[in-house]
Amino acid sequence: MTGQYVIAHDVGTGGSKAVLVDTRARVLGSTFEPYPVHYPRSNWAEQEPEDWWRAVTRSTRQLLEKYNVRPKDVLCTTFTTQMLGILPMDEEGQCLQRAIIWLDARAGQQAERAMRRLVHPSVFAVIAGARLSGKDWIPKLWWLRENAPELYAQIAKILDVNGYLLYRATGEMVIDWTAASVTGMFDLNKKTWDHFIIKLFDLPLEKMPELRSPIETVGDGLTAEAAREFGLLAGTPVIAGAGDVMTAAVGCAAVEEGDQHVYLGTSSWVGGILGKKVTGKCGVAAIQAAEPDKIYLLAENETAGACLKWIADEFYRAEQADPAVENVYALMDADVQGIEPGSNYLIFTPWMYGERAPIDDIYVRSTFFNLSADHKREHLLRAVYEGVAYNLRWTFDVLNQKFHLWQDTVRVVGGGARGDPWLQIIADVTGKRVARVANPQEAGAVGAAMVAAIGLGVYPDFPSLKRVVQITDVFEPQECNAEVYDRLYKGYRQVYRALRKVYRKMNEERFRGT
């Protein structure tokens, strides 16, 4: 195979996928290398950085061999990664411990104490774009300082996942703007570390890595040692890249001011692009977009596909065990289409682990509301599909009402975007045209490749990507279903208002173990 390609690495929680993308945003092939998450204690989640490196280098070599790609035809390599990881590095460039990844919530007490410095959590949201939680950088750094003071004293630089891979590839300890922005310590206007926030929380500025634009080339490209491990040429450019959330937007060409997209996976999110900084509200965070001059509004829904997995595991066990059933989710899609819109007035709330947006509430949980004896398994199933869609509609409403962000057509990516029935339900519930891009499950890697292509000058700017990212299907909202969904959407929001105090009382007691 000859041509010019970008090798983009989508480095997730369960493994890393190397994707071969040409300059027309076409996916030509991919390879995947898994690695584990370590859970040494309750609420802890760690990974071995060497596992990430082994995965990206091995998958690159496999990709070159499998698709007969010559190293000289690789324009560059880049990474899009899970965010919010903490990896302490010493003066010799060695890891001081395993990485504390985004799933880790050990620093809950530190988050509460940090918020008390500002009187109320909403004050930090005004300053940094979102409220702190035990999963964030500032509380985790406090936790390290308090619980591992000797280790903390040895820290020379703090890297995230992307920063570590860039370091191994180029020898430079840096962090890209998007990753820095989710720490709460990045000035979105100046594109620098926020000295006020860092000083306010007694954190050492000297331990923070240098900042890089997502489209910037890091160092002198691959070092000779890294090139040998990748199977590429020394000096092959390495582009700084961006977080997985931001590259998903680029991968579906939702890149201009006002553009919106939806990611459907285990969780879901609605992302929007703005040209100026705004204050985070209603669980919506304002962070750095992959585009250097844009702001990314992130409204994350904690569980979406996870709700489908739950109902598959609990209500479709026999089908999953049946060798004649090749894909239980395809079977569920077929069952959903046999139930009338509205699921005979059954409402499901998809808040299995609390929620971030459209409501910021750690105590809320899922509910089947209005369940009666005439509801069948398939009604519960369709109600789950619809519940996620109601949550997305509420999120769209928040973005419209609080940030004046509205679009009639929304692009959708992620593994959940492969199912037609779910996308049709989302179109009907939200009243929006839902556009599916080619290879929706690879949007993050494609986006990373396109960010790199812009960095190399292959494309002049981000809007030009709209000419190369392909839309394969568009789902139009069906007017005949609007009335029932409008009615049930109002009921959906009333369920939260009516039960939120009950949720809080029950789950405060539950979390205390009483």
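These figures come from a predicted structure and were not determined experimentally.

What follows concerns the overall build of the protein chain. Counting its regular elements, the protein chain contains 17 helices and 22 strands. Here the C-alpha radius of gyration of the protein chain, 23 Å, is about what a compact globule of 514 residues would show, namely 24 Å. Taken across its 514 residues, the protein chain has 59% of its residues classed as buried. Counted over contacts in the protein chain with a minimum sequence separation of 6, partners at least 24 positions apart contribute 71%. The averaged location of the 64 negative side-chain charges in the protein chain is 4 Å from the averaged location of its 57 positive side-chain charges.

This part covers the nonpolar core. If you look at the biggest cluster of nonpolar residues, it comprises 139 residues, and the most contacted ones within it are M185 and L203. Per-element accounting of this core gives the leading share, 14 residues, to helix α14 (residues 377-403). Beyond its immediate chain neighbours, meaning those up to four positions away, L203 contacts I138, L141, W142, R145, Y152, M185, I198 and M208. The next biggest cluster of nonpolar side chains, apart from the first, holds 39 residues, and it includes L20, L63, V161 and Y164.

So, on to helix α6 (residues 161-170). Within α6, nine of the ten residues are buried, leaving the element largely enclosed by the surrounding structure. Of all the residues in α6, the buried ones are V161, N162, G163, Y164, L165, L166, Y167, A169 and T170. Positive phi shows up at G171, right after α6, with a value of about 85 degrees.

This part takes up the pattern of salt bridges. Counted according to the given criterion, the structure contains 33 salt bridges. In this structure, the salt-bridge partner of E442 is K17, at a minimum N-O distance of 3.2 Å. Residue E442 is located in the loop between β21 (433-437) and α16 (443-456), and its partner K17 is located in strand β2 (residues 15-22); the two are separated by 425 residues in the primary sequence. By relative accessible area, E442 is classed as buried at 9%. Classification of K17 by relative accessible area gives partly exposed; the value is 22%. Here E146 ties to R113 by a salt bridge, and the two come within 2.8 Å at their closest N and O atoms.

Next up on the list: the environment of G271. Here G271 shows up in strand β15 (residues 268-274). Of the residues examined, G271 reaches a relative accessible area of 1% and is grouped as buried. Along the sequence, G271 and M246 sit 25 residues apart, while their C-alpha atoms lie 8.5 Å from each other. When residues no more than four places from it in sequence are discounted, the contact partners of G271 are D259, Q260, H261, Y296 and L297.

The next thing to look at is the sheet that holds β15. With respect to topology, seven strands assemble into an open sheet ordered β16-β17-β15-β14-β20-β21-β22, the strand pairing being mixed. Both outer strands of the open sheet, β16 (284-288) and β22 (471-475), are each paired with one neighbouring strand and no more. Between one strand and the next, the sheet's axes are offset by a mean angle of 25 degrees, whatever the strand orientation. Pairing of strand β20 (residues 409-413) with β21 involves four bridges; the strand directions are parallel.

Let us now look at the packing of aromatic side chains. Aromatic ring pairs are reported here in terms of the distance separating the ring centres and the angle at which the planes meet. Applying the stated criterion to the full structure yields 15 aromatic pairs. Each ring, one from W351 and one from Y492, has its centre 5.5 Å from the other, and the planes form 55 degrees; the classification is tilted. Remark: Y492 occurs in helix α17 (residues 482-512) and W351 occurs in the loop between β18 (347-349) and β19 (367-369); sequence separation between them is 141 residues. Using a relative accessible area of 0% as the deciding quantity, one classes W351 as buried. Relative accessible area serves as the criterion here: at 0%, Y492 is assigned to the buried category.

On to the side chain of H9, then. Position of H9 relative to the elements: it lies in strand β1 (residues 5-11). A residue is classified by how much of its surface remains accessible, and H9, at 0% relative accessible area, is buried. Every residue in contact with H9, bar those within four places of it in the chain, is listed here: S16, K17, A18, V56, S59, T60, T77, T78, F79, T80 and F230.

The rules behind these values
The numbering scheme is per chain: residues are counted from 1 as the chain's sequence reads. It should be noted that, the model being predicted, local features are given only for residues of pLDDT at least 70 and side-chain atom pairs only at 80 or more, the latter also being counted only at that level, while totals for whole chains, interfaces and linings use all residues. With hydrogens and water stripped out, all remaining heavy atoms of the structure feed into the side-chain values. Per the convention used, a helix needs a DSSP run of H or I reaching at least four residues, while a strand needs a run of E reaching at least two, with both numbered from the N terminus. In this setup the radius of gyration rests on C-alpha atoms only. A globule is expected at 2.2 Å times the number of residues raised to 0.38. Only protein chains enter the calculation, and the probe is 1.4 Å; a residue is then buried if its accessible area is under 20% of its type maximum, exposed if over 50%, and partly exposed in between. Contacts are residue-level and defined by heavy atoms, with any inter-residue pair within 4.5 Å sufficient. By the counting scheme adopted, Arg and Lys are positive, Glu and Asp are negative, and His together with the chain ends is not counted. Where a charge lies is defined by one atom per residue type: Lys uses NZ, Arg uses CZ, Asp uses CG and Glu uses CD. Here, the term nonpolar core denotes a set of buried Ala, Val, Leu, Ile, Met, Phe, Trp, Tyr and Cys residues that are joined through side-chain atoms within 4.5 Å. Whenever Lys or Arg places a side-chain nitrogen within 4 Å of a carboxyl oxygen from Asp or Glu, that contact is recorded as a salt bridge. Following DSSP output, two strands are said to pair if at least two bridges run between them. The axes used here are C-alpha line fits, helices contributing only the stretch in contact, and every angle between their N-to-C directions lies in the interval 0 to 180 degrees. Pairing of aromatic rings covers Phe, Tyr and Trp, the last through its six-membered ring, and needs centres within 6.5 Å; plane angles under 30 degrees mean stacked, over 60 mean edge-to-face, and all others mean tilted.

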